[in-house]
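# Structural characterization, general
Letter by letter, the chains look like this.
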Amino acid sequence: ALDMAMTDLAMQGVVAMPTEQFDMSVQMPQALAAGFRVDGDMSFGGATGTFAFAGTDAETGAVQEGSGKFGSGASEYSFAMSADGMRYDGKSADQSMEVSISDLPFPITYAVKEASGGILMPLVKKDDPQPFRLAYILSGLTLSDGIWALFDPTGQLPRDPANLAVDVEGETLVIRDLTDPALNQPQTDASGMPVEPEVPFQPKSLKINRIALNAVGAGAEVTGALEFGDTPDQPVGRIEGTFQGVNGLMDKLVAMGILPQDQVMAARMMMAMFARPVEGEADKLATELEFREGGQIFANGQQVK
């Protein structure tokens, strides 16, 4: 059962159909090339809802029941699809969720201050590279004390709101229409043996505007740019990153019994190969990865491949 209420709901959209007739289930590439286009927007001022569910475990036969409630503040979403690609953008404020399950002694609760995302993906085969983009922001994620108690009952980890940001873009060569239904069909060789399907695109460039994560007292931030040319497995470019509080976090995880000491030692040896301490900054590491012609990789000036 689901009950939901929304305020100030607004929707609008446009669907442009080509003059020719197409079976969209099998002729989407041809329809897009002929001018098929979808463009729509939706927004609302807020949403609240409740739900309930019940089921039986297939193995044990035990009955499991649950219920919950959710809410969201002002939100906006848009979607478009045409021969230029597929685009999605959305943002929402003040999301919350609480779920109670009969097998758990406490409700599962989380809240997000702000969430937003965007995707741009080419769909149609073309001779020239086409742009793509992926952006996602999760700001102010908090969890209930019951969830924290599962892995940190003594409160050793900081419980400040967590934040995640991903912002990457680039260009890719689409060598086969991504809406071609044949892409989802199993492929075999001449003897009838299954083979890996052909990758329908070839990356040409990647720009990491920002990838950042802050949670449980540690943080990381990465930027960079790569060019792939005609050999996608041998990019050329540079990626830089900084990491704060990682050693302190690993010490706490060992003290909590979550990580074995020998695994932490191996992880620190690996970090020493790729990261260096930042002078004058406590528990802060920096790394600079340089990808050169011929597949060579340098970490902070030292060749590692």
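Let us look at the structure shown here. Only a predicted model underlies this, so the values are computations on that prediction, with no experimental measurement involved.

Definitions and cut-offs
Sequence order sets the numbering: in each chain, residues are counted from 1 along the sequence as written. Only residues with pLDDT of at least 70 get local features here, since the model is predicted, and only at 80 or more are side-chain atom pairs given and counted; chain-wide, interface and lining totals rely on the full set of residues. Excluded from the side-chain calculations are hydrogens and water; all other atoms, namely the structure's heavy atoms, are used. Helical segments are the DSSP runs of H or I of at least four residues, strand segments are the runs of E of at least two, and each set is numbered from the N terminus. Exposed residues in this analysis have more than 50% of their type's maximum accessible area, buried residues have under 20%, and partly exposed residues fall in between, with area computed by a 1.4 Å probe over protein chains only. What makes two residues a contact is simply this: any of their non-hydrogen atoms within 4.5 Å. Only the protein chains shown count as covering a residue, and every accessible area follows the Shrake-Rupley method with a 1.4 Å probe. When charges are counted, Lys and Arg are positive and Asp and Glu negative, with His and the chain ends excluded. Where a charge sits is defined by one atom per residue type, namely NZ (Lys), CZ (Arg), CG (Asp) or CD (Glu). Using a grid of 1 Å spacing that covers the protein atoms alone, one calls a set of points a cavity when a 1.4 Å probe fits there but cannot get out, and a pocket when the set is open and has protein on both sides within 12 Å along at least five of seven lines; lining residues are those with an atom within 4 Å of a point. Grid points are joined across faces, edges and corners, and a volume is the space filled by probe spheres set on the points. Put simply, Ala, Val, Leu, Ile, Met, Phe, Trp, Tyr, Cys and Pro go in the nonpolar bin, Asp, Glu, Lys and Arg in the charged bin, and everything else, Gly too, in the polar bin. Axis angles are defined between N-to-C directions and span 0 to 180 degrees, where every axis is a line fitted to C-alpha atoms and, for a helix, only to the segment in contact. An angle below 35 degrees is read as roughly parallel, one above 145 as roughly antiparallel, one from 65 to 115 as roughly perpendicular, and any other as oblique.

### Quick word on the overall build of the protein
Helix and strand counts for the protein stand at 4 helices and 19 strands. Taken along its principal axes, the extent of the C-alpha atoms in the protein is 65 × 60 × 45 Å. Here the protein holds 305 residues, and the buried ones make up 27% of them. Considering only intrachain contacts with a sequence separation of at least 6, the fraction spanning at least 24 residues in the protein is 58%. When the accessible area of the protein is evaluated, it comes to approximately 18,400 Å², of which 58% is carbon and sulfur surface. Both charge centroids of the protein, one from 20 positive and one from 42 negative side chains, sit 6 Å from each other.

### What about the layout of surface pockets?
Of the voids in this model, the largest pocket is the one considered here, and its volume is about 170 Å³. Taken together, L120, M121, P122, F132, T172, V174, L178, F201 and P203 make up the lining of the largest pocket. Mapped by element, the contributors of at least two residues to the lining of the largest pocket are β8 (108-121), β10 (162-174) and β13 (201-215). Here the residues of the lining of the largest pocket sort into 8 nonpolar, 1 polar and no charged.

### Describing the environment of A1
In this structure, A1 sits in the segment before β1 (2-7). Assessed through its relative accessible area of 77%, A1 is described here as exposed. Taking C-alpha positions, A1 is 5.4 Å from F51, a pair spaced 50 residues apart along the chain. Leave out the neighbours within four places in its chain, and A1 touches T50, F51 and A52.

### Looking at the packing of helix α3 (residues 246-255) against helix α4 (residues 261-274)
Two elements in contact, α3 and α4, have axes whose closest approach is 10 Å; the angle formed by their N-to-C orientations is 170 degrees. Of the possible angle classes, the one that applies to α3 and α4 is roughly antiparallel. Of α4, the residues touching α3 (which contributes V246, N247, M250, D251 and V254) are Q261, V264, A267, R268 and M271. Residue composition of the contact of α3 with α4, by class: 6 nonpolar, 2 polar and 2 charged.

Remember, this is a structural readout, not a statement about activity or role.
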